[in-house]
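Next come the chains, spelled out residue by residue.
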Amino acid sequence: MKSLTTTGVTKEFSGHSVLRGVDLEVPSGSFLAILGASGSGKTTLLRIIAGFERPDGGDVRLGQEVVDDAHHQFVPCEKRRIGYVPQEGALFPHLNVGRNVAFGLARGPHRRGRVQELMELVGLAGLGRRYPHQLSGGQQQRVALARALATEPDFVLLDEPFASLDAALRASVRADVLQVLRLAGTTSILVTHDQDEALSMADLVGVLRHGVIAQLDTPSELYRHPADAELAQFLGESNLVEGVVEQMTATTALGRLPVELWSGSTGGGDAHVMIRPEQLQIGDMASGGVPGTIESYEYFGHDAVVHVRTEGNALGDLVVRITGGAPLTLGERVGLSASGEVVAWPKITPP
């Protein structure tokens, strides 16, 4: 197993800067998710790591070896020991499953045994004679993964491999793929625009924004301590309210809340305060709190997501997550309160 490092990677297309200096460090054997909106350059970065594209600047290291320095040093993709899983699998339709998996393997006595081993690993034993059109979407993705693992690569790169699957199938295929990659022990990189996918699968998540990695951290740290207010709104649902921070306490329209993380000056000041939906509680009007009206109610069984329009102009619409999904009526007037520690950032006044 090897680590992967990119330093200052840049890339332009037709004068448009896509990557503006990407720094990444992926420890050996770990699973990194690169999360970003559509068009953020995720696939471009993955293709540079794979060797399908050349960067305009910066370098890419696999282990201790520089495989691309954008100028002189370049190791072709076929010599990088990388397995690549493209979107929708991209299987060869004229080859059966077994031959698809064996495509990159040299001919020899161990070839058939390796294919059987991989088919068992991805849970498709006995399906080697079928053709891609005879498989479900999830099965096709597992075949693509088996093909990527066939040559025992040091790295596996996955380019939004679950995007074409329906929601019911996506979760189970994700779990299967993650288990296979853990068993194989390869260093893996997934690019995705799906937050649930990134946070649930990866050891590390790097958020690609404006051509750079805005934050690289564990999923829990990203969710609990986003680097700025923009990331807070991008990563999961959040309520950003205005307040004043003083002595690590935020005074807001929802009350006084302890501040866990404050990136401003020691003395405090005007702030944007992040309150996650699960930190808000809904009570009846008699219980006090900020008055509001139920605007929408989405029931998911294990919980419910409620949108509340507060009265006055201080808070606007807030999102609340209720564990257990207690029933509420549209138009019902309620009282809102907040609890727990919050993260706050200085409020920047435009010049």
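Within any chain, residue numbers begin from 1 and follow the written order of that chain's sequence. Residue-level local features of this predicted model are given only where pLDDT is at least 70; pairs of side-chain atoms are given and counted only at 80 or more, and the full residue set underlies all totals for whole chains, interfaces and linings. The side-chain quantities take in all heavy atoms of the structure and omit both hydrogens and water.

**Focus: unusual backbone geometry**
- Positive phi, close to 55°, is recorded for Arg81, a residue that is not glycine.
- A run of DSSP states H or I qualifies as a helix once it reaches four residues; a run of E qualifies as a strand once it reaches two. Both are numbered from the N-terminal end. Mapped onto the elements, Arg81 comes out in the loop between strand S5 (65-68) and strand S6 (82-85).
- Each residue's exposure class comes from its accessible area (1.4 Å probe, protein chains only) as a fraction of the maximum for that residue type: buried when under 20%, exposed when over 50%, partly exposed otherwise. Residue Arg81 is classed as partly exposed on the basis of its relative accessible area of 42%.
- The backbone of Glu152 shows a phi angle near 55°, a positive value even though the residue is not glycine.

**Quick notes on the pairing of strand S1 (residues 4-13)**
- Pairing between two strands is assigned when DSSP locates at least 2 bridges connecting them. Examined bridge by bridge, S1 and strand S4 (residues 57-62) share five bridges and lie antiparallel to one another. Its bridge partner lying in S4, Thr5 is registered against Arg61.
- Sheet topology note: the S1/strand S2 (residues 16-26) ladder contains eight bridges and is antiparallel. When the bridges of S2 are listed, Thr10 appears paired with Arg20.
- Hairpin connection between S1 and S2: a loop of two residues separates the two successive antiparallel strands, and Ser14 in this loop has a positive phi of roughly 50°.

**Side note on the sheet that holds strand S15 (residues 280-283)**
- Ordered in space as S15-S19-S16-S17-S18, the five strands form an open sheet in which the pairing is antiparallel. Strands at the two margins of the open sheet, each flanked by one partner only, are S15 and strand S18 (317-323). Taking the axes of each pair of neighbouring strands and ignoring which way they run, one obtains an average angle of 45° across the sheet.
- Alignment of strand S16 (residues 290-299) against strand S19 (residues 333-338), held across four bridges, turns out to be antiparallel. Note on geometry: axes are lines fitted to C-alpha atoms, helical ones only across the stretch in contact, with angles between N-to-C directions running from 0 to 180 degrees.

**What about helix H5 (residues 167-184)?**
- In this analysis, the expected span of each helix is defined as 1.5 Å times one less than the number of residues it contains. Across its 18 residues, H5 extends 26 Å between first and last C-alpha, which sits within 8% of the 26 Å expected from 1.5 Å per residue.
- Listing the buried residues of H5 in full gives Val173, Arg174, Val177, Leu178, Val180 and Leu181. All buried residues of H5 fall inside an arc of 160° around its axis, so they share one side. Structural note: H5 exposes Ala168, Gln179 and Leu183 on the side pointing more than 90 degrees away from its buried face.
- Here, residues are in contact when the closest pair of their heavy atoms is within 4.5 Å. The elements touched by buried residues of H5 are strand S3 (31-35), helix H3 (111-121), helix H4 (137-149), strand S7 (155-159), strand S8 (187-192) and helix H6 (195-201).
- Under this definition, polar contacts are N or O atom pairs within 3.5 Å; protein pairs additionally need one hydrogen-donor-capable and one acceptor-capable atom, and for neighbouring residues in sequence, both atoms have to be side-chain atoms. A distance of 2.9 Å separates the backbone nitrogen of Leu169 from a side-chain oxygen at the start of H5, and that oxygen is part of Asp166.
- Phi turns positive one or two residues past the end of H5, at Gly185, with a value near 75°. The arc in question is formed by the directions pointing from the helix axis toward the C-beta atoms.

**Comments concerning the sheet that holds S5**
- Strand order in the open sheet formed by four strands is S2-S1-S4-S5, with antiparallel pairing between adjacent strands. Among the strands making up the open sheet, the edge pair consists of S2 and S5. Ignoring which end each strand starts from, the neighbouring axes of this sheet average 30° apart.
- Across three bridges, S4 lies against S5 in antiparallel orientation. Residue pairing in the sheet places Val60 in a bridge with Asp68 of S5.

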